[in-house]
Amino acid sequence: MDSKLGRPLSLLGAMAGGMEIKFPVEFTVLGTPVSFQAKRAASKEQWKARVRAASTTAIPQPHFVSDERIAVTLYYLPEERVEGDVDNIVKLVLDALCKHIYLDDAQVERVVVQKFEPGNVFDFRGPSAAMVDALNGAKPALYVRVSNDPFEDLR
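As the structure is a prediction and not an experimental result, all values here were calculated from the model. (Residues numbered from 1 in each chain as written. Predicted model: local features only at pLDDT ≥ 70, side-chain atom pairs only at ≥ 80, totals over all residues. Heavy atoms only, no water.)

Draft legend 1. Representation of the side chain of H63 within the structure. Tracing the backbone through its elements, the reader meets H63 in the loop between α2 (41–55) and β2 (70–77). Among the polar contacts listed, one links the side chain of H63 to the backbone oxygen of P60, at a separation of 3.1 Å. Setting aside residues up to four positions removed in sequence, H63 forms contacts with M19, I21 and H100. (Helix = DSSP H or I, 4+ residues; strand = E, 2+ residues; numbered from the N terminus. Polar contact = N/O pair within 3.5 Å; in protein donor to acceptor, adjacent residues only side chain to side chain. Contact = heavy atoms within 4.5 Å.)

Draft legend 2. Summary view of the packing of aromatic side chains. Enumeration according to the criterion identifies four aromatic pairs in this entry. Between F116 and F124, the ring centres sit 5.4 Å apart and the planes meet at 70°, which makes this aromatic pair edge-to-face. By relative accessible area, F116 is classed as buried at 3%. Members of the aromatic cluster, connected to one another through ring pairs, are Y75, F116, F124 and Y143. Looking at K44, its charged tip hangs above the ring of F36, at a distance of 5.5 Å from the centre. (Phe/Tyr/Trp six-rings, centres within 6.5 Å; stacked < 30°, edge-to-face > 60°. Buried < 20%, exposed > 50% of the residue type's maximum accessible area, 1.4 Å probe, protein only. Lys NZ or Arg CZ within 6 Å of the ring centre and 35° of its normal.)

Draft legend 3. Structural context of the nonpolar core. Ranked by internal contacts, the top residues of the largest apolar core, which has 28 residues, are F27, L97, I101, L142 and V146. Residue assignment for this core shows that the elements contributing at least two residues are β1 (25–30), α2, β2, α3 (90–97) and β4 (141–147). Sort the elements by how many residues they give to this core and α3 lands first, with six residues. Once residues within four sequence positions are removed from consideration, I101 is found in contact with I21, F23, V25, F27, S55, I59, V65, S66 and V146. Counting seven residues, the second largest nonpolar core, distinct from the first, contains F116, M131, A134 and Y143. (Core = buried A, V, L, I, M, F, W, Y, C linked by side-chain atoms within 4.5 Å.)

Draft legend 4. Spatial organisation of the sheet that holds β2. Read across the open sheet, the four strands follow the order β1-β4-β2-β3; overall the sheet is mixed. If you trace the sheet from one side to the other, it starts and ends with β1 and β3 (108–115), each paired once. Pairs of neighbouring strands in the sheet enclose a mean axial angle of 15°, with direction left out of account. Strands β1 and β4 of the sheet are contacted by α2, whose axis makes an angle of about 135° with β1. Those strands touched by α3 are β1, β2, β3 and β4, and its axis lies near 135° from that of β3. (Pairing = 2+ DSSP bridges. Axes fitted to C-alpha atoms, helices over the stretch in contact; angles between N-to-C directions.)

Structure representation (structure tokens):
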């Protein structure tokens, strides 16, 4: 809610014409994701800044953040086999998107994360152009998809 006008932020975005985010939002972040458990705070902040910067290719500038329910898909595409827990890359990405694409991380109702090492990628059914670009592009990379429909893959 906008406290001055008493209207939902999504309505204000529609009134602003083009400042509301259109879902799904898809983008690729080049580089190796930084783990939430990384020791250097500077590395974590740099990764979050890289995620936010990559997202600007897919959302209007300036824009309102969404107050809708959110689902996030993360596909990590490394150059070679890697060790490490794939779940450790989620928190920093969600933190980077909070107050940038959505208001509060409590809006995130679903997270899908998967690592696709070389030789371990399969044919996706109807991939989007952004996903095809990520699969065929430079590695390492993280494909990110943010949706306002937490149930879309479950139907």
